[in-house]
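Letter by letter, the chains look like this.
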Amino acid sequence: MLFRSFPFTLVMLSLLIAVVSQVIGDHIARAFSLVGALSIVRFRTVVDDTQDIAFVIFAVVVGMAIGTGNWMVAVLGLICVGGVVILSKQFWGQASSGKSSLSFKTAVGDANVDAVQSLLKDFGIQCRVIAVESARNGAILEWKYELVGSRTNRQTQELMTRLAGLEGIQAVAWKSTD
């Protein structure tokens, strides 16, 4: 996942609709073909993110443009969408679509777990504890969270720095599960 999903998808869809309109033109058979192809893709493919759907539609539309001999539409569509991807990366930065995991260690009885949850909430990240394991003969607890929320690389770096700076928090690890 590259960018903040929903705004990026809206921009992509506006371009895709323009390309679709050019490919279909006045041909009803092409319109039904596109509906059929997208229906198959939609019901046969598990898509977790709206951005992924936009890229699937994009692939189908470009393939349809090439298949109908509309090479110029296909090339211009590729150039326009590529430009949007590059511009989106510059304006929004790379961002996780949201799913990731966080693990850290604390001493038994340390109350900083609440501070971690509060910090995650401040960053707009929803979290839930998925595991707590004891280590070192029960002296240390290892916490594992599942996180959901979009953020750029810069925001992730800031969050990690602040988490590592909390007293009593050790061995902070972040993994994207996208």
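Everything here concerns the structure above.
These lines cover the structure that appears in this document, whether it is placed above or below. (Residues numbered from 1 in each chain as written. Predicted model: local features only at pLDDT ≥ 70, side-chain atom pairs only at ≥ 80, totals over all residues. Heavy atoms only, no water.)

## Describing the sheet that holds strand S3 (residues 126–135)
Backbone-to-backbone hydrogen bonds join strands into a sheet, with any given pair of strands oriented parallel or antiparallel. Taken in spatial order, the 4 strands of this open sheet run S3-S4-S2-S6, and their pairing is antiparallel. Two strands lie at the open edges of the sheet, namely S3 and strand S6 (170–176), each paired on one side alone. Ignoring which end each strand starts from, the neighbouring axes of this sheet average 20° apart. Along the sheet, helix H5 (residues 112–122) contacts strand S2 (100–107), S3 and strand S4 (140–148); its crossing angle with S2, the most-contacted strand, is approximately 155°. (Pairing = 2+ DSSP bridges. Helix = DSSP H or I, 4+ residues; strand = E, 2+ residues; numbered from the N terminus. Axes fitted to C-alpha atoms, helices over the stretch in contact; angles between N-to-C directions. Contact = heavy atoms within 4.5 Å.)

## Considerations on unusual backbone geometry
At Ala171, a residue that is not glycine, the phi angle is positive and equals roughly 50°. Inspection of the secondary structure assignment puts Ala171 in strand S6. With a relative accessible area of 53%, Ala171 lands in the exposed category. (Buried < 20%, exposed > 50% of the residue type's maximum accessible area, 1.4 Å probe, protein only.)

## Concerning H5
Burial in H5 covers these residues: Asn112, Val113, Val116, Leu119 and Leu120. One side of H5 carries all its buried residues, which in axial view fall inside an arc of 120°. The outward face of H5, more than 90 degrees from its buried face, is lined by the exposed residues Asp114, Lys121 and Asp122. Those residues of H5 that are buried lie in contact with S2, S3, S4 and helix H6 (153–165). Immediately beyond the C-terminal end of H5, within one or two residues, lies Gly124, with a positive phi of roughly 75°. (Arc of directions from axis to C-beta.)

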